[in-house]
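Residues per chain, in single letters:
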Amino acid sequence: MKKYIIALDQGTTGSRALIFDNEQNIIASAYKPLTQYYPKEGYVEHDASEIFLSQSEVMAEAIAKSGLSPCDITSAGITNQRETTILWNKKTGEPVSNAIVWQCRRTAGICEQMKKSGLGDYVKNTTGLVIDAYFSATKIKWLLDSISGLKETAESGDILFGTVDSWLIWKLTKGKVHATDYTNASRTMIFDINKLCWDKRLLKELGIPECILPEVRDSSGFFGNIDTAGASIPICAAAGDQQAALFGQCCFEKCESKNTYGTGCFLLMNTGKEHYTSSNGLITTIAASMNGEINYALEGSVFVGGAVVQWLRDELRLFGESADSDYFANKVEDNGGVYVVPSFTGLGAPHWDMYARGAMFGLTRGTKREHIIRASLESVAFQSKDVIDAMESDTGLRLKKLSVDGGASANEFLMRFQADILGKEVERPKIIESTALGAAMLAGLSSGVWKSKEELRQIKKIDKTYSPAMDGAERDKLLRGWSKAVERAKGWAE
């Protein structure tokens, strides 16, 4: 008998809904872009009401497209852009301001004050994170301090905080449930990932009243009901987007890893019951959980992944369509000695140089656009290799294969080169919408659509596996060239 699950995937650039059946086929989907607001340099905002309305609209549209009745939907799973911060009035249900998006840098000054106060090690050991404006904590403080009378209203219990998952759950359940899951809580910089509770010292340091915080639950479990068109759809999962993708790739066991190739790259390794403190600038976070069993993950980010293809297309105008990059990269036998370091806004893990800038090295009179295109695609794989090396160094674990998803994972040249430069298999599933699939899988386990993780492994559909074909000497030569190029790109803006 067919069963159906709807995944509500609320991302930075838009809201999406996908309906899966119990064989993981996509039955219908809908998408709506989200307005981006940039009120000042470094500020990034979303309209929280638009987030909810757009997600509600695509949910209704996907159900209509599928030909199903809401009664046919067994459960819903929510996955979301992480760290984005919303405060709203509990009585009116209205947000107190626009949402502060994870990309927003307005709280950099607060972060500097925290570092000067000597909180760096405490934050790292308690939350698994580094002090940065990326996370929710300083965004909450900024809102409470900047809006007249808000802190007093919050202390009286009339204000609620939530990341996007909490906001959607509260709105979809008509204010009955104020909750989040461990994955999203672990991205706030005020959650103790050891004791699994909100950290009182950090709340006090930042002046955040505990009464505004949501209840923290397993990712897979009941979060309340969505009443729509006379039917009630239970929300049975919530997870941050990258942890949902890790689950969607069936990376359930220690050392299993995935890389999402989007504008940037997000690489996560499941580290099981152990959480490792990175010596290489990686983040420790909580993986999607169920039945009270907590797994941890190491996470590393590549700032410029698929964005390098957009740069080649839009700024350098070396080709007309992103897909053309694969064609041109294959027109030459090698990179012709050319290395592109796309550190347009600095280098992330494991280098962490905010003064690095984009650079090309090894240009000769014989350099063609094909060499530059190929070298740019290779840079994505090189950067991902650097993060994986850092993960292996931090954990002592050795990756056997890498599961991949995201738009740029469709690039054949990039995936072949990634396998070659890693010296490991790269596996791409048929469904590269791993984030939405992960939310559906978590909801399906909670609502009885699937009985176990093992059953999910068995029905996972693989599109293609790339095996390394490059010999070790060639790999070592390329990696030496990449390391030399990276070193010379560092510190340029100082």
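The present account deals with the structure reproduced in this document. Since this is a predicted model, take the numbers as computed values, not measurements.

## A word on the overall build of the protein
Stage number 1. The helix and strand tally for the protein stands at 16 helices and 23 strands.
Stage number 2. Compactness check: the protein gives a C-alpha radius of gyration of 22 Å against a globular reference of 23 Å for 494 residues, within 12% of the reference.
Stage number 3. Counting only C-alpha atoms and orienting by the principal axes, one finds that the protein spans roughly 70 × 60 × 40 Å.
Stage number 4. Evaluated residue by residue, the protein yields a buried proportion of 60% over its 494 residues.
Stage number 5. Long-range pairs, those at least 24 residues apart, make up 71% of the contacts in the protein with a sequence separation of at least 6.
Stage number 6. Charged side chains in the protein number 57 positive and 62 negative. The centres of these two groups are separated by 1 Å.

## Regarding the packing of helix H10 (residues 307–314) against helix H12 (residues 369–395)
Stage number 1. It is the contact of H10 with H12, at a shortest axis distance of 9 Å, that shows an interaxial angle of 160°. Our classification of the angle between H10 and H12 gives roughly antiparallel. Two packed elements cross with a definite hand, and for H10 against H12 that hand is right-handed. Note on element contacts: H12 touches H10 through Ile 372, Ile 373, Ser 376, Leu 377 and Val 380, opposite Val 308, Val 309, Trp 311 and Leu 312.

## A closer look at the pattern of salt bridges
Side chains bearing opposite charge may pair, as long as their charged atoms lie close to each other.
Stage number 1. In this structure the tally under the stated criterion is 30 salt bridges.
Stage number 2. A salt bridge links Asp 21 to Lys 2; the nearest nitrogen and oxygen atoms lie 2.9 Å apart. Within this pair, whereas Asp 21 is found in strand E2 (residues 14–21), its partner Lys 2 is found in the segment before strand E1 (4–10), the two being separated by 19 residues in sequence.
Stage number 3. Owing to a relative accessible area of 2%, Asp 21 belongs among the buried residues under this scheme.
Stage number 4. Judged by relative accessible area, which is 38%, Lys 2 ranks as partly exposed.

## What to know about the pairing of strand E13 (residues 225–228)
Put simply, side chains in a regular strand alternate between the two faces of the sheet.
Stage number 1. Pairing of E13 with strand E14 (residues 231–240) involves 4 bridges; the strand directions are antiparallel. Pairing of Asp 227 across the sheet is with Ser 232, part of E14.
Stage number 2. Counting the residues in the hairpin turn of E13 and E14 gives 2 residues, including Ala 229, whose phi is positive at 50°.

## A word on the sheet that holds strand E5 (residues 73–80)
Hydrogen bonding along the main chain pairs the strands of a sheet, whether they run parallel or antiparallel.
Stage number 1. Strand order in the open sheet formed by 6 strands is E3-E2-E1-E5-E14-E13, and the pairing between neighbours is mixed. For this open sheet the edge positions go to strand E3 (26–33) and E13, each flanked by a neighbour on one side alone. Going from strand to strand, the sheet's axes swing by 25° on average, the running direction of each strand aside.
Stage number 2. Summarising the sheet, E5 and E14 pair through 5 bridges and their orientation is parallel. Bridge assignment links Gly 77 to a residue of E14, and that residue is Ala 237.
Stage number 3. Against the sheet, helix H9 (residues 241–248) engages E5 and E14, with an angle of about 95° to E14.
Stage number 4. Contacting E1, E2, E5 and E14, helix H14 (residues 434–446) crosses the sheet at an angle of about 135° to E5.

## A look at the packing of aromatic side chains
Stage number 1. In the structure shown here, the tally under the stated rule is 15 aromatic pairs.
Stage number 2. Measuring from ring centre to ring centre gives 6.3 Å for Tyr 43 and Trp 142, while their planes differ by 90°; the resulting arrangement is edge-to-face. A residue pair is termed long-range when its members are at least 10 positions apart, and Tyr 43 in the loop between E3 and strand E4 (45–46) and Trp 142 in helix H4 (residues 136–146) qualify at 99 residues.
Stage number 3. Ring-pair connections join several aromatic residues into one group, and the members of that group are Tyr 339, Phe 382, Phe 413, Phe 417 and Trp 482.
Stage number 4. A cation over a ring is seen here: Arg 106 above Trp 142, with NZ or CZ 4.6 Å from the ring centre.
Stage number 5. It is Arg 201 that lies over the ring of Tyr 122; its NZ or CZ is 4.3 Å from the centre.

## A word on helix H16 (residues 472–489)
Stage number 1. Compared with the 26 Å implied by 1.5 Å per residue over 18 residues, the 26 Å span of H16 between its first and last C-alpha is a close match.
Stage number 2. Three or more residues of H16 are buried, namely Arg 475, Leu 478, Leu 479, Gly 481, Trp 482, Ala 485, Val 486 and Ala 489. Viewed along the axis of H16, the buried residues span an arc of 160°, placing them on a single side of the element. Looking at H16, the residues exposed on the side facing more than 90 degrees away from the buried face are Ala 473, Lys 477, Arg 480 and Arg 488.
Stage number 3. In this structure, the buried side of H16 is in contact with strand E19 (339–341), strand E20 (359–361), H12 and helix H13 (412–422).
Stage number 4. Where H16 begins, the capping side chain belongs to Asp 471, and its oxygen is found 3.1 Å from the backbone nitrogen of Ala 473.
Stage number 5. In the stretch just after H16, Gly 491 is the one whose phi turns positive, near 70°.

## Brief notes about the sheet that holds strand E17 (residues 283–286)
Stage number 1. Taking strand neighbours across the sheet as the criterion, the 7 strands line up as E17-E18-E16-E15-E21-E22-E23 in an open arrangement whose pairing is mixed. In this open sheet, the two strands that pair with only one neighbour each are E17 and strand E23 (462–466). Along the sheet, successive strands turn relative to each other by an average axial angle of 25°, direction set aside.
Stage number 2. Here 4 bridges tie strand E15 (residues 257–261) to strand E21 (residues 401–405), and the two strands are oriented parallel to one another. Paired with Asn 259 across the bridge in E21 is Val 404.
Stage number 3. Contacts between H12 and the sheet are confined to E15, strand E16 (265–272), strand E18 (296–302) and E21, with E16 contributing the most and set at about 20° to the helix.

## Quick word on the nonpolar core
Stage number 1. Tyr 261, Phe 382, Leu 402, Phe 417 and Val 426 are the most contacted members of the largest nonpolar core, which totals 58 residues.
Stage number 2. Counting residues per element, this core draws most heavily on H12, which supplies 11 residues.
Stage number 3. Those residues in contact with Tyr 261 that sit more than four places away from it in its chain are Val 380, Ser 384, Leu 402, Val 404, Asp 405, Gly 406, Gly 407, Ala 408, Ser 409, Leu 414, Met 415 and Gln 418.
Stage number 4. Counting 43 residues, the second-largest nonpolar core is a separate cluster that includes Val 44, Ala 137, Ile 190 and Leu 213.

## Let's talk about the packing of H12 against H13
Stage number 1. With their axes 9 Å apart at the nearest point, H12 and H13 run at an angle of 45° to one another. Classified by the interaxial angle, the pair formed by H12 and H13 is oblique. As for how H12 packs across H13, the hand of that crossing is right-handed. In this structure, H12 uses Arg 374, Leu 377, Glu 378, Val 380, Ala 381, Phe 382, Ser 384, Lys 385 and Ile 388 to contact H13, whose residues at the interface are Phe 413, Leu 414, Phe 417, Gln 418, Ile 421 and Leu 422.
Stage number 2. Within the contact of H12 with H13, the residues separate by chemical class into 10 nonpolar, 2 polar and 3 charged.

Calculation notes
- Residues numbered from 1 in each chain as written.
- Predicted model: local features only at pLDDT ≥ 70, side-chain atom pairs only at ≥ 80, totals over all residues.
- Heavy atoms only, no water.
- Helix = DSSP H or I, 4+ residues; strand = E, 2+ residues; numbered from the N terminus.
- Rg over C-alpha atoms; globule rule 2.2 N^0.38 Å.
- Buried < 20%, exposed > 50% of the residue type's maximum accessible area, 1.4 Å probe, protein only.
- Contact = heavy atoms within 4.5 Å.
- Lys, Arg positive; Asp, Glu negative; His and termini not counted.
- Charge placed at Lys NZ, Arg CZ, Asp CG, Glu CD.
- Axes fitted to C-alpha atoms, helices over the stretch in contact; angles between N-to-C directions.
- Parallel < 35°, antiparallel > 145°, perpendicular 65-115°, else oblique.
- Left-handed = near helix turned anticlockwise from the far one by under 90°.
- Salt bridge = Lys/Arg side-chain N within 4 Å of Asp/Glu carboxyl O.
- Pairing = 2+ DSSP bridges.
- Phe/Tyr/Trp six-rings, centres within 6.5 Å; stacked < 30°, edge-to-face > 60°.
- Lys NZ or Arg CZ within 6 Å of the ring centre and 35° of its normal.
- Expected span 1.5 Å × (residues − 1).
- Arc of directions from axis to C-beta.
- Polar contact = N/O pair within 3.5 Å; in protein donor to acceptor, adjacent residues only side chain to side chain.
- Core = buried A, V, L, I, M, F, W, Y, C linked by side-chain atoms within 4.5 Å.
- Nonpolar A, V, L, I, M, F, W, Y, C, P; charged D, E, K, R; others polar.

Fair warning: the whole summary comes from geometry, so function is off the table for now.
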